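Okay, here's what each chain looks like letter by letter:
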Amino acid sequence: MDIFRKFEIDPRLVGMLAALAVIWTGFHLLSGGSFLTPRNLWNLSVQTSAIAVMACGMVLIIVTRNIDLSVGSVLGVVGMLVGVIQARWLPELIGLEHPLTWLISALAAMALGGLIGLFHGALIAYLVIPSFIVTLGGLLVWRGAAWWVTTGQTVAPMDGRFRSLGGSVEGAIGATASWALGAVAIFAIITGMLMARRRKLSFGFTVRPPAIEAIVIGVIVATVIGVVMLFNAYPLPATIARRLAEAQGTPWPEGGLFISHGFAVPMIIALVTGIVMSFVARRTTFGRYVFAIGGNPEAAQLSGVNTRRVLMQVYGVMGVLTGLAACITTARLNAATNSAGSLDELYVIAAAVIGGTSLSGGVGTIVGAMLGALIMQSLQSGMVLLGVDTPLQNIVVGVVLVVAVWLDTLYRKRLK
Amino acid sequence: MSARKTPLVEMRNISIAFGGIKAVENVSVDLFPGEVVGLLGHNGAGKSTLIKILSGAYPADAGEIAINGQTVAIRTPRDAKANGIETIYQTLALADNIDAAANIYLGREKLTSWGTLDDASMEAETRKAMARLNPHFRRFKEPVSALSGGQRQTVAIARAIHFNARVLIMDEPTAALGPAETAQVGELIKQLKADGIGIFLISHDLHDVFDLADRIVVMKNGRVVGTAAVSDVSQDDVLGMIIGGKCPPGAIPGPGAAGPSAEPTMTPPPTEAHRTLQP
């Protein structure tokens, strides 16, 4: 414990990574070596992204001692609207497969989600209706609304560029772009860490010893490179690779052509969301107020924080992220269905809680919640890979959730 | 105390009611620069409510507040702080899950030129502020929940005096403290007084109040019983004011003082009611 504290490494994060490692190796061994493959991990990254995006917002909500049970239904109604916008309205207005269709659709989804979130937030903050009730109502209302958008009809197919937001072949950015992205990430991480270090030194605070700092940076760089290599090692299927090659005028060689998937767009969306939300939570006054409200709402108010406005904004942020997740889900299914996002609220809350967010408020991290989402999805994908029946999958996920929170409670007690 | 100077704070005819119960009724108090005024009274006498009106936690139903002779509107804690009024609450009002610097700067964070939180600079300032109050304090990185009662109190005090307060409200500032720390708070009050800061001191400890205050204001049932310079009254007089609402000769009586006119309320209930209850 002391070593972790001395080098400013979060022990809970280390614990979660260890849990993830155990789950991954366990499934790898049980499935006879088919879990830790580039293909499976690539799919895992795509499947996790929608929940991970929403978990970032849920952390802030739970930190303020509230809850949002409506995210699955909001995802459903926004998904339907975004489907109608791009498959029925935009083709008439600006033409089919217009290059801006995807952007207009995505912005509309985030705006609609944000408005719904602000509405929930206003009811909770200004009319002082318990968030559990407001969002329980939202769970029913928005699922019903999702049906009304098209009276239950599924809308398909989606715009070609929009589909890339959901992964699959269109949403794979390829080897070169992946390497470029990895390089940018490494550069940003090292610059950020060195700037923070210099700033601390300028105020005469203690910093990690240079050797430890070098090791931490080394581990991060190696991880980024490893992830890029992993996703680049997953080739496109032969038929698609061939079509691509022909489109570029390259002759199709005898033994086939190895064209990498690289990062999936939804994974990039999730990672960028995580980085932005971590920044918001830790480096802005808004984030500071969110945590202060969670720690002691009265104290925050007496300190001059406009607690009601902050609370409403938190729900607005949750709504925007739900809109983003609706794009990912709709694009991945290549269809807007009114049942999209069913039960997602529970997975999102579970991800946040497994990630160390305390339901009594004031405590939680974005990184933790994203790892929580990855753990949940790993369990589920792993069990699918092993051919475990759906009811048993639910039982396992439920038990893991309860045990994880119990372990976290024990850890917290030991801290005190 | 030269009463002809302009008061630093003047609360005139302040009233507030919660659901029909008059918590504070027609209360007028004033405070001069460099003066300590002790607010005394039972639990529920209205002291805490009165100071919460001054600190912006509750907007008053009626009455007005003047700072340096100028009437100001104090509707929120932000308004109070803008007028140089800082409060140390009995509950301390700290967010337990964030560190000392974040608490001290809560609501008025220092920002970098990018508009982001300048935590390093806030921590550096906090180190200086805390060094003055408690040189042994080292736990700057930990959430406030990990601190001892005295350390938490020091954080709350540091927050109140760090932003050049002109008026300081201290609600039971020594309730959670040991003898040594209590003495330290006493020293601090004297030092702040010398700097010309006006202090409202709420305390149950009569001894403390007589030690530190220049004047006392006693409240009972939401009204002022009386005001007196500590040199003009004895501790027994003050106890009489708190318990019986009786204003001694050395004090200026307020609207809440029990006079002869208050006697009739002491008459027993009509005997008719007694009889009807008999079997």
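So, a few notes on the structure that sits alongside this text. (Residues numbered from 1 in each chain as written. Chains lettered and ligands numbered in written order. Predicted model: local features only at pLDDT ≥ 70, side-chain atom pairs only at ≥ 80, totals over all residues.)

1. A look at the overall build of chain B
1) Next: Counting its secondary structure elements, chain B contains nine helices and 11 strands.
2) Next: Along the first, second and third principal axes, the C-alpha atoms of chain B reach 75 × 55 × 40 Å.
3) Next: Across the 279 residues of chain B, 43% fall into the buried class.
4) Next: For chain B, the proportion of contacts with a sequence separation of at least 24, taken over those separated by at least 6, is 64%. (Helix = DSSP H or I, 4+ residues; strand = E, 2+ residues; numbered from the N terminus. Buried ≥ 20, exposed ≤ 12 C-beta atoms within 10 Å, placed from the backbone. Contact = placed C-beta atoms within 7 Å.)

2. Digging into the packing of helix α3 (residues 38-63) of chain A against helix α15 (residues 344-354) of chain A
Residue and element names in this part refer to chain A.
1) Next: Interaxial distance between α3 and α15 falls to 8 Å at its minimum, and their mutual angle equals 65°. Taken together, the axes of α3 and α15 are roughly perpendicular relative to one another. With respect to the hand of their crossing, α3 and α15 are arranged in right-handed fashion. Contacts between α3 and α15 involve Ile51, Met54, Ala55, Met58, Val59 and Ile62 on the former and, on the latter, Asp344, Tyr347, Val348, Ile349, Ala351 and Ala352.
2) Next: In terms of residue class, the contact of α3 with α15 is built from 11 nonpolar, no polar and one charged. (Axes fitted to C-alpha atoms, helices over the stretch in contact; angles between N-to-C directions. Parallel < 35°, antiparallel > 145°, perpendicular 65-115°, else oblique. Left-handed = near helix turned anticlockwise from the far one by under 90°. Nonpolar A, V, L, I, M, F, W, Y, C, P; charged D, E, K, R; others polar.)

3. Let's talk about the sheet that holds strand β5 (residues 70-72) of chain B
All names here are of chain B.
1) Next: A sheet is described by the order of its strands in space; here four strands give the open sequence β2-β1-β4-β5, paired in antiparallel fashion. Each edge of the open sheet is held by one strand with a lone partner, namely β2 (21-31) and β5. Between one strand axis and the next, the sheet turns through 30° on average, direction left out of account. (Pairing = 2+ DSSP bridges.)

4. Focus: the interface of chain A and chain B
1) Next: Listed as interface residues are 23 residues of chain A and, on the opposing side, 20 residues of chain B.
2) Next: Of all the elements in the fold, those that place two or more residues in the side of chain A that touches chain B are α8 (175-202), α12 (285-295) and α13 (297-302) of chain A.
3) Next: Among the elements that line the side of chain A that touches chain B, the one with the most residues is α12 of chain A, at six residues.
4) Next: When the residues that make up the side of chain A that touches chain B are grouped by side-chain class, the tally is nine nonpolar, nine polar and five charged.

What is shown is where atoms sit, not what they do.
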